[in-house]
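Each chain, letter by letter, is given below.
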Amino acid sequence: FLEEGIRAMAMVPLASHGRVLGQLCLLFDSSRPFSDEERRLLESIVGHIAFAIERTRADEEIRQLNVRLEERSRAAENLIKYAPDPVFVVNLEGKLLQANDAVSQLLGLRPDELVEQSLSRFLSAEEVQEFTMALRQVVERGVTRNAKLHPRNASGEVIPTPLNASALRDSGGRVVGA
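The model shown is predicted, which means the values in this text are computed figures rather than measured ones.

Examining the overall build of the protein chain
- For the protein chain, the helix and strand inventory stands at four helices and eight strands.
- For the protein chain, the sequential pattern of α-helices and β-strands runs β-β-α-β-β-α-α-α-β-β-β-β.
- Its C-alpha atoms give the protein chain a radius of gyration of 30 Å, more than 25% over the compact-globule value 16 Å for 178 residues.
- Taking the principal axes of the C-alpha coordinates as reference, the protein chain spans close to 95 × 30 × 20 Å.
- Taken across its 178 residues, the protein chain has 26% of its residues classed as buried.
- When the accessible surface of the protein chain is totalled, it reaches about 12,300 Å², and 53% of it is carbon and sulfur.
- Between the averaged position of the 22 positive side-chain charges in the protein chain and that of its 26 negative side-chain charges there is a distance of 4 Å.

Okay, here's the thing in structure tokens:
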């Protein structure tokens, strides 16, 4: 240190939540004591640096979680899209949010004609009520329900169809559809 001209040094740990993240090292070319004011300033600076490090780490963790969530969402969408059986997702108001090609073929409508449609377009009033009641049970109790429905396709033909309804949850575990 002397050969480099260093006559005073201050090493302060960068810590957050009881965990050492690193250290801040200050080097001076003259020997000197540090005043209380300089120590408080240094502690404040170190606190800000530690916060910035933790914030950067947290941001990176959130980014990685979002990447994993996006991958899982794509996987779930692909499961629905490429399932051989008709699979659709409805929100709690009974509007179609997603439907695979098998639903499209069953009902004789293009996928873009199905999205955002109310189930009442395809089911009788009694079946909409039965479906809504089943949906409520799925949402309130987190159960799976089976029902027999008779949707009408685009040409008005009635198609007897078994239905299995399961809860669709968001990342926080809240039921948001079926």
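A few points about the pairing of strand S4 (residues 96-99)
- In this structure, strand S3 (residues 88-90) lies alongside S4, joined through three bridges in antiparallel fashion. Bridged to Phe88 within S4 is Ala99.
- If you look at the hairpin formed by S3 and S4, you'll find five residues sitting between the two strands, and Gly94 has a positive phi there, around 80°.

A word on unusual backbone geometry
- Of note in this structure, His17 is not a glycine but carries a positive phi near 50°.
- With respect to the secondary-structure elements, His17 resides in the loop between strand S1 (8-16) and strand S2 (19-28).
- By relative accessible area, which is 79% here, His17 ends up exposed.
- Look at Glu116: it is not a glycine, yet its phi comes out positive at around 75°.
- Along the chain, the position of Glu116 falls in the loop between helix H3 (111-114) and helix H4 (125-141).

Remarks on the environment of Leu14
- By the element assignment, Leu14 lies in strand S1.
- Leu14 sits in the buried class, given a relative accessible area of 7%.
- Among all residues touching Leu14, those that are not within four sequence positions of it are Arg19, Val20, Leu21, Gly22, Gln23, Leu24, Val46, Ile49, Ala50 and Ile53.

A short note on the pairing of S2
- As defined by bridge partners, S1 adjoins S2 across nine bridges and the pair is classed as antiparallel. Within the sheet, the bridge partner assigned to Leu14 lies in S2 and is Gly22.
- Taking the residues between adjacent antiparallel strands as the criterion, S1 and S2 are bridged by two residues, where His17 takes a positive phi near 50°.

Here's the deal with the environment of Arg19
- Within the secondary structure, Arg19 is located in strand S2.
- Spatially, the C-alpha atom of Arg19 lies 59 Å from that of Leu149, the residues being 130 residues apart in sequence.
- Discounting chain neighbours no more than four positions away, the residues touching Arg19 are Leu14, Glu54 and Arg57.

What to know about helix H1 (residues 36-82)
- Its 47 residues place the ends of H1 68 Å apart at the C-alpha level, agreeing with the 69 Å of an ideal helix rising 1.5 Å per residue.
- Against the buried residues of H1 lie S1, S2, S3 and S4.

Quick notes on the rules
- Residues numbered from 1 in each chain as written.
- Predicted model: local features only at pLDDT ≥ 70, side-chain atom pairs only at ≥ 80, totals over all residues.
- Heavy atoms only, no water.
- Helix = DSSP H or I, 4+ residues; strand = E, 2+ residues; numbered from the N terminus.
- Rg over C-alpha atoms; globule rule 2.2 N^0.38 Å.
- Buried < 20%, exposed > 50% of the residue type's maximum accessible area, 1.4 Å probe, protein only.
- Areas by Shrake-Rupley, 256 points an atom, 1.4 Å probe, with all protein chains shown as cover.
- Lys, Arg positive; Asp, Glu negative; His and termini not counted.
- Charge placed at Lys NZ, Arg CZ, Asp CG, Glu CD.
- Pairing = 2+ DSSP bridges.
- Contact = heavy atoms within 4.5 Å.
- Expected span 1.5 Å × (residues − 1).

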